[in-house]
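# Coordinate analysis (summary)
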Amino acid sequence: MKTKKMLPLLGMSVLLASSIAGCSGNNNAAGGNNASGNAANTKAETENAYKDKYDPEVTITTVWGVDPELKFKNGETIENNVSTKWAKEKFGINIKSLWSITDTNGAFGTKLRLAMSSGQEMPDVVTIGTGDATIAQDLIDSGMYREVGTLFDQYASATWKEAMAQDPNVWNQYSRNGKKMGLPVLDYAYNHDYILWIRQDWLDKLNMKAPTTIDELEKVMDAFKNQNPDGLAPDKVIPLSIGFKTSMNTWMGDPSWIFGAYGTLPQQWNVAADGKLEYGSVNAGMKQGLEKLKDWLAKGYIPQEAALWDENKTSEPAVAGTAGIIPGPYWMSGWPLQDTVKNVPDAVWAPINIPAGPDGTVMRHGTQFTNGVTLISTKMKNPEAFFTYENYLYDNFANPQPGSELDNGLFAGYDYELDASGKMVANDQISGGYVNSVRYLLVRDGARIPDAQMKALLNLANGAQPTTRLEKDVAVNYGKGTPAAAKVLLQQEDKSFKNMFTGPTTETMKAKLDYLNKIENQTFNEIIYGKQPLDSFDSFVTTWNAGGGEQITKEVNEWYDSVK
Amino acid sequence: MRTLRKNWQFHVMLIPAMILLILFSFIPMGGIVMAFQDYKPWLHISGSEWVGLDNFRYLFEREDSMQVIWNTLIIAVLKMIFNLLVPFIFAIMLNEVRKLAVQRTIQTLVYLPHFLSWVILGGILLDLLSTDGFVNQILGSFGVQPIFFLGDNNWFRFTVILTDIWKEFGYNTIVFLAALAGINPSLYEAAEIDGANRWKQTRFITMPSLIPMVVVVGTLALGNVLNAGFDQIFNLYNPLVYQKGDIIDTFVYRTAIQNGEMGFGTAIGLFKSAISMVLILVSYQLAKKWAGYRIF
């Protein structure tokens, strides 16, 4: 009796539910169509709309993914703080938040994706980091965000244009059929370019010089292991701390330069001799690199469990004082290597160049000059207002000359403070505490000029006293060894090769890439561990090409031709 | 009808639960259609392109898909069996401990690892199980050659199952102990009068009384037969053990989540649910037939 009664009820509710779902879906779609129609109609010519200050006020809507580490003071929030007040007073721009979310475990990307798929109001301006690159690509494809190249040409200031021109490739990943659909967020250059860090005290005790070739490197590693200057037993020493659990092309403990000595960088797209893009992992040079790694594993030069080690794990023996060499970024003298002296008091880490292969080849993988994208909505009425805001930051904040308006920092009492005599106080003595108010801005980190930080570091390395804001900043906030390491890094500036494919995932990639990556990782690791002969590299290349790699290469080159 | 009139209060009390069920279980089922679409979030379900069974075809067409499905099944089934067997034996043994304080302490201690995250355990195990780690040092003192637990295809599954049991067996132990506490003491008293010794009491009273609980736990676990434990595998695996360690969930993570291929992810979810439902129905029938036990 009861079940009979319940069944139709249940059926009804399911029907009702699905019809509601259906309705809302239709509504959304219709809403979207209307909106884009309106936008096309109302897109009047907005010449000379650009102003330094808007009166009456203009409104920019945005959404925020708030870094959980970001702090606020004086009862402020991301929606309403010193930075939004500043924008209002200085430019007449009212920054209105649609929503904000603490960005842990990709919450910002998820919320943005949900907002998009449920047809909520989308922000006029949104900045998305590379961590959420797929959602940025989806938003561009959704047609909700407009072409920005013409806006940039029309409104951006000279400083910003120069910064953007340092690498024209930054536009590539946000371009569609030659149209620039998003403003790349510029980052400091070379942050993830690598050098080798070596125990200079071990070299000195052994009376050896820093290795400049792979052969010399082998001699040094052998000496580190078998005649260890600190008297460590050979099986306790890791001469070269690298790991490839996640990738052969990574940051700390990165092995890609070993292949670079033989003319290729794995797991990224390089420009081949014929000018086309080529996937580095299928280049013949890989075979020699794999042979070296296999040999080094057998001789104990690299960690026996390198296949299980991720980036942070490779730093453990380095800090413990049992590793002789670790590849990594130029800023590593601060974190993590400064802790080594706690374990081994006379340990000295020195930055050295990447050693060359038998024919003198050196390649290291380079860093993109961008770490995200700013999108501008098709519905935004005053897109030029965003340029007013950002131009000011580029002109006065990115790399200000002494005496300019934002020379000391962004907001007094937040990210800097001057004492009675006009001297800058240390960050931890700011009354009420230091907060990184730069992160309150519409674009993460405000405005960065790619080469500015390196230039500042070089000036310091050459003995100059810090005078500009950036120089003071790096002098205070980075490890003492950093300027010298930056100098080493730039000695091989022309050896830095970026991944040349930054476009959206291609059709074949969607279907095949994971499998191809899987057999690649498996083959390379098993060759290094001696479970497969070296020649299985050749059969891997055949399988890779036949299993979709050839098609992917074709698609990648089509993309490359379209942005070249 | 008469019962409805008499018991309508109970039905009213059911309403909130029904609403929640409809809201969070039935309505989202509409999303299942994504499994048959090339789903694009900005086109919504209504506007995305229909691709029929393409998402399913892709799952089975991959050169390594059989390997991945087998890995999943083997790891999950072995985990399921041992996660019943070990707590079953352990609970009976623990039940024989006379001192209540000792029993409680052990019970709590074996339950503790359940609360540790695999992210943390992954790091700890990497050190413990390394070729010169603690475990290999102990084995070495018995003259065993160092074993590459996490990087050797012959050992990886063994390591995964053993560590999972170590982490999780305390949970089922508590369930079984609760069932043991519910056995009527007069049964034991009667058996003692009949001259049954401790082993006989265990064999003929304790074990049969536990069977219904084993059936319940086992049947519920069957629903997870295609879940070989994403957190664990993801934190422990590496390219050297793809051959024996790559499971459906890690594969979905790489393709569906990392690349935002929602249609494909939904297809796999649907495939897993279908298999699990068949298994639950079958095991339910078997349980009813052989153990005479009805769960629902």
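Calculation criteria
Residues numbered from 1 in each chain as written. Chains lettered and ligands numbered in written order. Predicted model: local features only at pLDDT ≥ 70, side-chain atom pairs only at ≥ 80, totals over all residues. Heavy atoms only, no water. 1 Å grid on protein atoms, 1.4 Å probe; cavity = no way out; pocket = protein on both sides within 12 Å on 5 of 7 lines; lining within 4 Å. Points joined across faces, edges and corners; volume = space filled by probe spheres on them. Helix = DSSP H or I, 4+ residues; strand = E, 2+ residues; numbered from the N terminus. Contact = heavy atoms within 4.5 Å. Buried area = accessible area lost by both parts, 1.4 Å probe. Salt bridge = Lys/Arg side-chain N within 4 Å of Asp/Glu carboxyl O. Polar contact = N/O pair within 3.5 Å; in protein donor to acceptor, adjacent residues only side chain to side chain. Buried < 20%, exposed > 50% of the residue type's maximum accessible area, 1.4 Å probe, protein only. Expected span 1.5 Å × (residues − 1). Domains from an automatic or database assignment. Nonpolar A, V, L, I, M, F, W, Y, C, P; charged D, E, K, R; others polar.

### Quick look at empty space enclosed by the protein
All names here are of chain A. Using the criterion set out here, one finds 3 cavities of 30 Å³ or more in the structure. Roughly 60 Å³ of volume is contained in the largest cavity. Considering the residues around the largest cavity, the lining is formed by Trp-160, Leu-183, Pro-184, Val-185, Leu-186, Thr-374, Glu-390, Tyr-394, Val-443, Gly-446, Ala-447 and Arg-448. Elements represented by at least two residues in the lining of the largest cavity include exactly strand E6 (183-186) and helix H13 (383-398).

### With respect to the interface of chain B and chain A
In this complex, chain B contributes 42 residues to the contact, which on the side of chain A involves 40 residues. Both faces combined, the contact of chain B with chain A buries some 3,600 Å², and carbon together with sulfur accounts for 61% of it. On the chain B side of the interface with chain A, the three residues burying the most area are Trp42(B), Pro239(B) and Leu240(B), jointly 19% of the side's total. The tally of links from chain B across to chain A stands at 3 salt bridges. Ionic pairing is found between Asp64(B) and Lys518(A), a salt bridge with its closest N-O pair at 2.7 Å. Seen at the junction of chain B and chain A, the total is 6 residue pairs in polar contact (both at pLDDT 80 or more).

### Notes on the pattern of salt bridges
Residues and elements named next belong to chain A. All told, the structure shown has 29 salt bridges over all chains when counted by the stated rule. For Lys-498, the salt bridge is made with Asp-167, and the minimal N-O distance between the two is 3.4 Å. With Lys-498 in the loop between strand E15 (496-497) and helix H17 (507-528) and Asp-167 in the loop between helix H6 (158-165) and strand E4 (175-176), the pair connects residues that are 331 residues apart, well separated along the chain. By relative accessible area, Asp-167 is classed as buried at 7%.

### Quick word on the side chain of Glu76(A)
Residues and elements named next belong to chain A. With respect to the helices, strands and loops of the structure, Glu-76 is situated in the loop between strand E1 (58-66) and helix H2 (82-91). Among the polar contacts made by the side chain of Glu-76, one reaches the side chain of Tyr-414 at a distance of 2.7 Å. Once residues within four sequence positions are removed from consideration, Glu-76 is found in contact with Asn-81, Val-82, Lys-85, Tyr-414 and Tyr-440.

### Regarding unusual backbone geometry
Residue and element names in this part refer to chain A. The omega torsion across Asp-55 and Pro-56 is 5°, close enough to zero to call that bond cis. Looking at where Pro-56 falls in the secondary structure, it is placed in the loop between helix H1 (2-42) and E1. Backbone geometry at Asn-177 places phi at a positive 50°, although glycine is not the residue there. By secondary structure assignment, the location of Asn-177 is in the loop between E4 and strand E5 (179-180).

### Side note on H13(A)
Between its first and last C-alpha atoms H13(A) spans 21 Å; for 16 residues at 1.5 Å apiece the expected length is 22 Å, and the two agree. Where burial is concerned, most of H13(A) is hidden: 15 out of the 16 residues are buried.

### Digging into the domain arrangement of chain A
Residues and elements named next belong to chain A. Entries for chain A in the domain assignment read domain 1 (1-191 + 367-494) and domain 2 (195-366). Each of domain 1 and domain 2 has a C-alpha centre, and the two are 36 Å apart. At the interface, 19 residues of domain 1 touch 15 residues of domain 2. Taken over both partners, the interface formed by domain 1 and domain 2 buries close to 1,300 Å², and the fraction arising from carbon and sulfur atoms is 54%. Contact with domain 2 buries area across many residues of domain 1, yet Val-488, Leu-489 and Gln-492 alone supply 41% of it, more than any other trio. For the interface between domain 1 and domain 2, the tally reads 5 residue pairs in polar contact (both at pLDDT 80 or more). Looking at the side of domain 1 that touches domain 2, the elements that each hand over two or more residues are helix H14 (452-461) and helix H16 (482-491). Residue contributions to the side of domain 1 that touches domain 2 peak at 7 residues, all from H16. The residue inventory of the side of domain 1 that touches domain 2, partitioned by class, reads 9 nonpolar, 9 polar and 1 charged.

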